[in-house]
Amino acid sequence: MATPKPVITPAPKKLAARADIPASSGSSALADVYTIAAGESFDGGYVAYDRGVECTGQAEGGDSDAVFQIEEGGTLSNVIIGPNQIEGVHCRGACTLENVWWSAVCEDAFTVKVQSDGDTTYIKGGGAYGAEDKVIQHNGGGTINISGFTVEDFGKLYRSCGNCDDMYERHVVIDSVTATSGSALAGINSNYGDTATLTNIVADDVNDICVEYEGNDTGDEPTKISSGPSDYCIYSESDVSSS
């Protein structure tokens, strides 16, 4: 698929208001989801891409509603996801995000839809703002490694799916993350053997660092078990500081 050609227009005011987001080089509303093929890379040059549609809140969208879909082994870098979208970025197989920013999150910012046990998706740098619920949703198996990320005004930075039809043991590694005004950094299902390992966290006005749930494959709302350091929420109080 050809590289999406940006329609260069002035950066939206919403982007300029976020001091941490790099200056946008323009904006483009994509008519269709842009798919990054397996093993391929796309560098967005800090153009702000979205779909030109209003956010529908927490009504879950499909792959066709995403701005970008990354196939296994693909990389998306230097992109700003604008506010006019339903789903941000979907990953089907282990993939990599480098310096990807969301000016506003709709349903989820990033979802690992499919991933094999033993594989790892990497999120390096970037950040997300204004997530009513989840920023990073982990539906496949394996591990997500998040480093150097900024998140503000959010529900959960990371959530291992608590009631998917297919449940897996999932793991997340969160390092050097700065978080402000949120509910929790990580939500995991300890009854499935999930773990969250957290280091070098700067958190202000964040209710919980790591929360354990009892997940299920029936579609029921997961039950909260506990929060704080444990055999599954792997961190110490010294790993978390405030700014």
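First, a word on scope: everything that follows refers to the structure included in this document. Since the model is a prediction, treat every value here as computed from it, not as a measurement.

### Brief notes about the pairing of strand S5 (residues 66–71)
So, point 1. The buried fraction of S5 amounts to five of the six residues, a majority that puts the element mostly inside the structure.
So, point 2. Both strand S2 (residues 34–36) and S5 contribute to a ladder of three bridges, which runs parallel. Each bridged residue has a counterpart across the sheet, and for isoleucine 36 the counterpart in S5 is isoleucine 70.
So, point 3. Bridge count between S5 and strand S7 (residues 87–92): five bridges; the pairing is parallel. In the sheet register, phenylalanine 68 faces S7, and the bridge partner there is valine 89.

### Looking at the packing of aromatic side chains
So, point 1. Within this structure, the stated rule accounts for six aromatic pairs.
So, point 2. Geometrically, the ring pair formed by tyrosine 49 and phenylalanine 68 is edge-to-face, given 5.5 Å between the ring centres and 85 degrees between the ring planes. Here tyrosine 49 is found in strand S4 (residues 48–50), whereas its partner phenylalanine 68 is found in strand S5, with 19 residues between them in sequence. For the pair shown, tyrosine 49 and phenylalanine 68 are each scored as buried.

### Some details on the side chain of threonine 75
So, point 1. Tracing the chain through its elements places threonine 75 in strand S6 (residues 75–81).
So, point 2. When its relative accessible area of 16% is taken as the criterion, threonine 75 is described as buried.
So, point 3. Setting aside residues no more than four positions away along its own chain, threonine 75 makes contact with Ile36, Glu40, Ser41, Phe42, Ile70, Thr96 and Glu98.

### Some words on the environment of glutamate 169
So, point 1. Mapped onto the elements, glutamate 169 comes out in the loop between strand S14 (150–160) and strand S15 (170–189).
So, point 2. Given the relative accessible area of 43%, glutamate 169 is considered partly exposed.
So, point 3. The contact partners of glutamate 169, leaving out residues within four places of it in the chain, are Asp117, Gly141, Gly142, Tyr192, Gly193 and Asp194.
So, point 4. Within polar-contact distance, the side chain of glutamate 169 engages the side chain of histidine 171 at 2.8 Å.

### Thoughts on the state of the cysteines
So, point 1. Under the definition given, this model contains four disulfides.
So, point 2. Two residues share a disulfide in this structure: cysteine 161 and cysteine 164, whose sulfurs sit 2.1 Å from each other. One quick way to see it: the torsion about the S-S bond of cysteine 161 and cysteine 164 is about 105 degrees, and its sign makes the bridge right-handed. Each member of the pair, cysteine 161 as well as cysteine 164, is classed as buried.
So, point 3. Disulfide pairing places cysteine 210 opposite cysteine 233 at an S-S distance of 2.1 Å. Since a negative S-S torsion denotes a left-handed disulfide, the cysteine 210-cysteine 233 link at about -70 degrees is left-handed. A residue pair is termed long-range when its members are at least 10 positions apart, and cysteine 210 in strand S16 (residues 195–214) and cysteine 233 in strand S18 (residues 233–234) qualify at 23 residues. Each of the two residues, cysteine 210 as well as cysteine 233, counts as buried.
So, point 4. Cysteine pairing in the chain follows 1-4, 2-3, 5-6, 7-8, where each cysteine in a disulfide is numbered by its order in the sequence.

Conventions used here
Residues numbered from 1 in each chain as written. Predicted model: local features only at pLDDT ≥ 70, side-chain atom pairs only at ≥ 80, totals over all residues. Heavy atoms only, no water. Buried < 20%, exposed > 50% of the residue type's maximum accessible area, 1.4 Å probe, protein only. Helix = DSSP H or I, 4+ residues; strand = E, 2+ residues; numbered from the N terminus. Pairing = 2+ DSSP bridges. Phe/Tyr/Trp six-rings, centres within 6.5 Å; stacked < 30°, edge-to-face > 60°. Contact = heavy atoms within 4.5 Å. Polar contact = N/O pair within 3.5 Å; in protein donor to acceptor, adjacent residues only side chain to side chain. Disulfide = S-S within 2.5 Å.

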